[in-house]
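Summary of the model geometry
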Amino acid sequence: MKNVTLVGLGIIGSAWAKNLHADGLNVRAWNRTHRDFPFFEPDLARAVTGADMIIIVVADPPAVEDLLKVIIPHLKPDQFVAQSSTISAAWTKKFATQIEATGALFLEAPFTGSKPAAEARKTVFYLGGTKELIEKARPVLSRLASHLLHIGPVGTASSLKLAMNLNIAVIAEALSESLTLARTEGIPDDIFFEALHINVGRSGFSDLKEPKFRSGNFSPQFSLKHMNKDLRLALETAGEIDLPITKTLKSFYDKGMSTELAEDDFIGLIRLLAKEKIVAK
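To start, this report covers the structure provided alongside it. Just so you know, these numbers come straight off a predicted model, no measurement behind them.

For the rest of this paragraph, the subject is the packing of aromatic side chains. Enumeration over the complete set of coordinates arrives at eight aromatic pairs. Note on Phe37 and Phe39: the rings are 5.2 Å apart at their centroids and 75 degrees apart in plane angle, and the pair reads as edge-to-face. There is no split in this pair, since Phe37 and Phe39 are both buried. Ring centres 6.0 Å apart and planes at 40 degrees place the aromatic pair Phe205 and Phe266 in the tilted group. Linking Phe205 in helix α9 (residues 204-215) with Phe266 in the loop between α11 (244-257) and α12 (270-280), this pair joins segments that are 61 residues apart in sequence. Judged by its relative accessible area of 13%, Phe205 is buried. Aromatic rings pair up to connect Trp16, Phe111 and Phe125 into one cluster.

We now examine the nonpolar core. The nonpolar side chains of a soluble globular protein tend to be buried, and buried together. Membership of the largest hydrophobic core comes to 33 residues, with the highest contact counts inside it found for Trp16, Leu20, Ile55 and Phe125. Breaking this core down by element, the ones donating at least two residues are β1 (3-7), α1 (11-22), β2 (26-30), β3 (53-56), β4 (80-83), β7 (123-128), α6 (131-141) and β8 (145-152). Ignoring anything within four residues of it in the chain, the contact list for Leu20 reads Val4, Leu6, Leu25, Val27, Ile55, Val140, Arg143 and Leu144.

Let us look at the environment of His147. As for its placement among the helices and strands, His147 is situated in strand β8. In contact with His147, not counting residues within four places along its chain, are Thr123, Val124 and Phe125. A polar atom in the side chain of His147 sits 3.0 Å from the side chain of Ser146.

A few words on helix α8 (residues 189-197). For an α-helix, 3.6 residues make a turn, and residues three or four places apart therefore share a direction. Of all the positions in α8, only Asp189, Phe192, Phe193 and Leu196 are classed as buried. The arc enclosing the buried residues of α8, seen along the axis, measures out at 85 degrees, which places them on a common side. Turned more than 90 degrees from where α8 packs its buried face, Asp190 and Glu194 sit exposed. The elements touched by buried residues of α8 are α7 (156-184) and α9.

The subject of this paragraph is the pairing of β1. Burial analysis of β1 places four of its five residues in the buried class, the great majority of the element. Alignment of β1 against β2, held across five bridges, turns out to be parallel. Pairing of Asn3 across the sheet is with Asn26, part of β2. Taken together, the four bridges between β1 and β3 define a ladder with parallel strand orientation. If you follow Val7 over to β3, its bridge partner there is Ile56.

Glancing now at the packing of α7 against α9. Look at α7 against α9: their axes get within 11 Å of each other, and the N-to-C directions meet at 45 degrees. Of the possible angle classes, the one that applies to α7 and α9 is oblique. Where α7 crosses over α9, the handedness of that crossing is right-handed. Between α7, through Ile168, Ile171, Ala172, Leu175, Ser176, Leu179 and Arg183, and α9, the contact on the second element is made entirely by Phe205, Ser206, Phe213 and Arg214. When the residues that make up the contact of α7 with α9 are grouped by side-chain class, the tally is seven nonpolar, two polar and two charged.

Along β3, one buried face is formed by Met53 and Ile55 and the opposite face, lined by Ile54 and Ile56, is buried too. You can see the chain leave β3, run along helix α3 (residues 61-71) and come back into β4, and the turn it takes is right-handed.

A few words now on the environment of Glu135. Relative to the helices and strands, Glu135 is located in helix α6. Residue Glu135 is classed as partly exposed on the basis of its relative accessible area of 46%. Put simply, Glu135 and Leu148 are 13 residues apart on the chain and 10.0 Å apart in space, counted from C-alpha to C-alpha. Side chain to side chain, Glu135 and Arg138 meet in a polar contact 2.9 Å long.

This next bit is on the pattern of salt bridges. This model, assessed by the stated rule, comprises 17 salt bridges. A salt bridge links Asp23 to Arg121, with the nearest nitrogen and oxygen atoms 2.8 Å apart. With Asp23 in the loop between α1 and β2 and Arg121 in the loop between α5 (115-119) and β7, the pair connects residues that are 98 residues apart, well separated along the chain. Members of the salt-bridge network, linked through shared partners, are Asp23, Arg121 and Arg143.

Conventions and cut-offs
Residues numbered from 1 in each chain as written. Predicted model: local features only at pLDDT ≥ 70, side-chain atom pairs only at ≥ 80, totals over all residues. Heavy atoms only, no water. Phe/Tyr/Trp six-rings, centres within 6.5 Å; stacked < 30°, edge-to-face > 60°. Buried < 20%, exposed > 50% of the residue type's maximum accessible area, 1.4 Å probe, protein only. Helix = DSSP H or I, 4+ residues; strand = E, 2+ residues; numbered from the N terminus. Core = buried A, V, L, I, M, F, W, Y, C linked by side-chain atoms within 4.5 Å. Contact = heavy atoms within 4.5 Å. Polar contact = N/O pair within 3.5 Å; in protein donor to acceptor, adjacent residues only side chain to side chain. Arc of directions from axis to C-beta. Pairing = 2+ DSSP bridges. Axes fitted to C-alpha atoms, helices over the stretch in contact; angles between N-to-C directions. Parallel < 35°, antiparallel > 145°, perpendicular 65-115°, else oblique. Left-handed = near helix turned anticlockwise from the far one by under 90°. Nonpolar A, V, L, I, M, F, W, Y, C, P; charged D, E, K, R; others polar. Right-handed = clockwise from strand over helix to strand, strands pointing away. Salt bridge = Lys/Arg side-chain N within 4 Å of Asp/Glu carboxyl O.

Shown next as structure tokens:
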């Protein structure tokens, strides 16, 4: 697979496209708005025509659906579509059926890892499909990832990705609230994080986000709007199963979405805690 088309040049897609291009693959990249890439193709139909693999990484199910309306008429048998956007199992199965009807191959390939991981080729892919399909995709996806995890049949990988993001969102909120409490009591950040480093509550997530909490720099590694979407999809997937913490957290994210925080990193919600404290005073 030498000819790869990357559809979606957000934080993750841009990093993937640059890495594949650096490896000498023939990369074409498309985005809804223009991007300053030497291999940028503004016409989606031309971008996917003749590609060995098409990787889709966009915001949400409606975005994938709109793209496929353009892409599907141009698919040929044995072209490979890896769908890496975070969507639900129901949407994944729908798109798989549409793509496979053309004779093209479909692999469910959501991922974990924010901007630093994508740039460092340490993305972790959750893969839904057959082992044969995964091996066919390995020469490309392994260039972007530290792990390729086969989760099960189509649909399972999307559900696992939502479960993982739900977990991360809850951890982030707990860390934000504990840090806010410590700051309220006059405890310096140096002391808080020194204590956390030798506490069982320390995690890979707290290590990753500590510099952003300390600096107050909430430039996006993974945006609030995207985590808000993932919480919504998790609740939709759960159906009648009660997820009380997730429901409460989703209402807090909705409050953040009504402010200027939507485009920032999702841990930027800590500012909303501070605002509410000030109002309470």
